[in-house]
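Listed below, chain by chain, are the residues.
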Amino acid sequence: MDKKASLASRIGPALLPLCGIVLLIIINIIGDLLRDPSPGIFGPGAFLHIEWRAGVGLIGAVIDILNHSSKIIILALGMSIVIATRGIDLSVGSIMAVAGAIAATLTVSGMPALAAIGIALAASIACGVWNGALVAGLRLQPFVATLVLMVAGRGIAQMITDGQVVTFQDPLLAYLGNGRPAWLPLPMPLLIALALLAMTALVTRRTAIGMLIEVVGDNPRAARLSGVRAGTIIAGAYAFSGLCAGVAGLIAASNIKAADPHHAGLMLELSAIFAVVVGGGSLSGGRFSLLGAALGGVLMQTLTATMYARNVSAEVAPLPVAMIILLVCIAGSPAAREWWRSRRRGVPV
Amino acid sequence: MSDPTTQVVASTGRRFLPLMTAIAIAVVMFVFGSLRYEHFGSPATLSNILAGYAFVGIAAVGMTLAIISGGIDLSVGSMVAFTSILIATLVQKGLHPLAAAAIALAAGSALGGMMGAIIHVFRLPSFIVTLAGMFAIRALGFLVREQSLGIQHEFYSWTSRHATLTLGGGAAIPLRTMIFLAALLTGMLIARSTAFGRNVYAIGGSARNARLMGVNVGATTIGVFALSGFCSALGGFAFTLYRRAGDPAAVVGLELEVIAAVVIGGTLLSGGVGGLAGTLIGVIIVGLIRTIIDFEGSLNAAWTSIATGMLLLAFVGLQQLLATMMSRRARDRRM
């Protein structure tokens, strides 16, 4: 009974993003059919068409969306944990730019890719630890602490690449974002995202760490008084978010075989927050759903892909996307929740 | 019982120590620049900062009030960019620049007010709502026009010829500096001498207590964000006076400089405490950072955002330290 209830509470938050994804897929199918009905629903060229190509694996629009959503999924994992501690991490987009800049610059200067990736990830974790120290140590408001790195981080990335876009040819680094393992027909970024999701879920839900995170976010004072080391948990959350941002940054650089300090990860902080909120995380902390956040990330990417498929330009697309994000935040806000609750009970508002 | 005078002295100390530190830092930076670079130590440097940073300062006036009310407005940079391209496009369509500016001001206030309404009605954190606003309003600018657009209108050449006060030593006060100083003075009047201003301080101190005292929290929140939108739009107009162009891609990351200017000026990010006199010093310091980096020449422009961020952090840290010291002293006094 108890197990069933906890299973429901794990899957419940995933339903909203799932409905959103289905809705967007239907919109895309109808839009495509109106433009050209010849491919049908699953035929070549249709939105849902998935094809097996020898030597490559599965290809199709849906696989592309899943592939591109992996960066948001990875960011959303870290953001889930940070938001669960009643925090926020606005610096993830900039940390992505820093990680990409470090890895690209180092491999171009002749360092082996593995070492460069290691240094880039270590630097990302250091960025996260810096955020965590400001929030947990100096007790700064999370959005101020991470806003500093959000803006200054891009400056750091520009300094690393000297303001240039650094292109690289390293095969291993390029494999991260574009490769497909021979034994699995899926793109590498998606596999990395799924592996990180599984690992994070395992660590948070099979140990007490997940509960401790939620306790710290739900009532920091009570957590401290009952002996939970809130500071360590909070700092750890930001460090993990930094690591996730680093991984996403490496994938972003790998995708285009270049590190772009100005545009890498731009607006992705908002996408990650959206993914968390739509996936059942509360901005006031205290709970998180990794599955919900991951599906929220897929929903976000489906939304962006739908914009592009409907010929909305890349500069203008943030307008409808930001509006939808705001609507979701409004729907998940305490005021809206109360309103729903009172409606259900039939109590006049 | 504690002595009320020491409490007043202590709270004034807490209030003015950051401001005094800010003034000292501004003086040190100016002296440092004057000793290190030729042509730095002149009134012209100061007037150039005020002119070049007028749009930052105007946006900072609204931001100061937003932060005092306990919120934050991350959309200021996008709003400056959006209104600048809106004005440029309208002028190209044949509208007088002043009419175009009036439309931009109305649009800025309306967008700001909308964000304030969402913040209040749905009790969402202001940084989330204005972060969404930051991206949406930036895209709105691109919707108006995707590239930057120069402005050719006799009004603009008239302002630089006739609406500029020339002072001695190469210093000059162009129209945009006057707009900044006027906005600053108006902001001070609003903050100090109107019921709205007192309400802003009250809801920043404690929204709950303010509501119990009969302050209309909703109207004040909406008003403060509408005012911030108005100021950013006015900043956008000043930006067009400065660059003679509108640019939807301009001033990315401006919000950090504006927030830094406000915080360096002694306004507490936790709300309820602060003022506009400090913001003027803050704007000058943020301007001095960029001017010194420009004079240094070899330094990468990226240093500006890093240095600004570090200074912001240092001041937030100082505030935090003072707040802890004050609460500790208050506790000791009670014992």
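Before reading further, recall that the structure is shown in the block above.
Here the residue index of a chain counts from 1 through its sequence in written order. Chains carry letters from A onward and ligands carry numbers from 1 onward, assigned in written order. Given that this is a predicted model, residues contribute local features only at a pLDDT of at least 70 and side-chain atom pairs are listed and counted only at 80 or more, while totals for whole chains, interfaces and linings are drawn from all residues. Water and hydrogen atoms were dropped before computing side-chain values, which therefore reflect all heavy atoms in the structure.

K.L.:
I'm lost on the packing of aromatic side chains in this one. Help?
P.N.:
The relation between two aromatic rings is expressed through the spacing of the ring centres and the mutual angle of the planes. Here the aromatic set is Phe, Tyr and Trp, taking the six-membered ring for Trp, and pairing holds for ring centres within 6.5 Å; pairs whose planes are under 30 degrees apart are stacked, those over 60 apart are edge-to-face, and all others are tilted. What the rule picks out here adds up to nine aromatic pairs over all chains. Between A:Phe143 and B:Phe127 the ring centres are 4.8 Å apart and the planes differ by 10°, which places this aromatic pair in the stacked class. Residue A:Phe143 is located in helix α6 (residues 142-161), and its partner B:Phe127 is located in helix α6 (residues 126-144); the two belong to separate chains. Here B:Phe30 and B:Phe40 contribute two aromatic rings whose centre-to-centre distance is 5.8 Å and whose plane-to-plane angle is 55°, an arrangement assigned as tilted. Of this pair, B:Phe30 sits in helix α1 (residues 4-36) while B:Phe40 sits in the loop between α1 and α2 (43-52); the two residues are 10 residues apart in sequence, bridging distant segments of the chain. Here the aromatic cluster, defined as three or more aromatic residues joined through ring pairs, consists of B:Phe30, B:Tyr37, B:Phe40 and B:Phe295. A ring is scored as having a charge over it whenever the NZ atom of a lysine or the CZ atom of an arginine sits within 6 Å of its centre and within 35 degrees of its normal. Its guanidinium or amino end placed over the ring of A:Phe288, A:Arg205 lies 4.1 Å from that ring's centre, counting from NZ or CZ. A run of H or I in DSSP becomes a helix once it reaches four residues, and a run of E becomes a strand once it reaches two; helices and strands are each numbered from the N terminus.

K.L.:
Can you help me understand the interface of chain A and chain B in this one?
P.N.:
Often, the extent of an interface is quoted as the loss of accessible area on bringing the components together. For this analysis, residues touch if any pair of their heavy atoms sits within 4.5 Å. In this assembly, 39 residues from chain A lie in contact with 37 residues from chain B. Buried area between chain A and chain B, both sides added, is near 3,400 Å², and the carbon and sulfur share of it is 84%. Each reported salt bridge corresponds to a side-chain nitrogen of Lys or Arg within 4 Å of a carboxyl oxygen of Asp or Glu. Connecting chain A to chain B are one salt bridge. A salt bridge links B:Arg123 to A:Glu338; the nearest nitrogen and oxygen atoms lie 3.4 Å apart. Here the element with the most residues in the side of chain A that touches chain B is α6(A); it accounts for 11 residues. A breakdown of the residues in the side of chain A that touches chain B according to their chemical character gives 29 nonpolar, five polar and five charged. Two parts placed together each lose some accessible area under a 1.4 Å probe, and adding up what both lose gives the buried area. Here the term charged refers only to Asp, Glu, Lys and Arg, the term nonpolar to Ala, Val, Leu, Ile, Met, Phe, Trp, Tyr, Cys and Pro, and the term polar to all other amino acids, Gly among them.

K.L.:
Help me understand the side chain of B:Thr159 in this model?
P.N.:
Residue and element names in this part refer to chain B. Looking at the secondary structure, you find threonine 159 in helix α7 (residues 154-162). Each residue gets one of three labels from its accessible area relative to the maximum for its type: buried under 20%, exposed over 50%, partly exposed in between, using a 1.4 Å probe on protein chains only. Residue classification places threonine 159 among the buried positions, given a relative accessible area of 5%. Look past the residues within four positions of threonine 159 in its chain and what remains in contact with it is Thr164, Leu175 and Leu241.

K.L.:
What exactly am I supposed to notice about the nonpolar core here?
P.N.:
What tends to happen in soluble globular proteins is that the nonpolar side chains get buried as a cluster. Buried residues of nine kinds, namely Ala, Val, Leu, Ile, Met, Phe, Trp, Tyr and Cys, make up a nonpolar core once their side-chain atoms join them within 4.5 Å. Counting 204 residues, the largest nonpolar core has A:Ile74, A:Leu90, A:Ile273, B:Ile72, B:Leu74, B:Leu131 and B:Ile259 as its most contacted members. With 13 residues, the single largest contributor to this core is helix α11 (residues 230-256) of chain A. If we skip the residues at most four places from it in the chain, A:Leu90 touches A:Phe143, A:Thr146, A:Leu147, A:Met150, A:Glu269, A:Ile273, B:Leu74 and B:Leu131.

K.L.:
Mind showing me how you'd approach the environment of A:Arg337 here?
P.N.:
Residues and elements named next belong to chain A. As for its placement among the helices and strands, arginine 337 is situated in helix α15 (residues 334-345). On the basis of relative accessibility, which here comes to 33%, the residue arginine 337 falls in the partly exposed class. Ignoring any residue separated from it by four or fewer positions in sequence, one finds arginine 337 in contact with Arg287 and Gly332.

K.L.:
Just checking my understanding: could you explain the environment of B:Asn48 for this structure?
P.N.:
In this fold, B:Asn48 is placed in helix α2. For B:Asn48, a relative accessible area of 51% gives the class exposed.

K.L.:
How do you make sense of α2(B) when you look at a structure like this?
P.N.:
Counting along an α-helix, one turn takes 3.6 residues, and residues three or four places apart therefore face a common direction. Summarising burial for α2(B): seven of the 10 residues are buried, a large majority. Along α2(B), the positions that sit buried rather than exposed are B:Ala44, B:Thr45, B:Ser47, B:Ile49, B:Leu50, B:Ala51 and B:Gly52.

K.L.:
What am I meant to see in the environment of B:Ala249 here?
P.N.:
All names here are of chain B. Relative to the helices and strands, alanine 249 is located in the loop between β4 (245-246) and α12 (254-264). Relative accessible area serves as the criterion here: at 42%, alanine 249 is assigned to the partly exposed category. Once the C-alpha coordinates of alanine 249 and phenylalanine 295 are considered, the two residues, 46 residues apart in sequence, prove to be 25 Å apart. The residues touching alanine 249, leaving out its near neighbours within four places in the chain, are Arg138 and Phe142.

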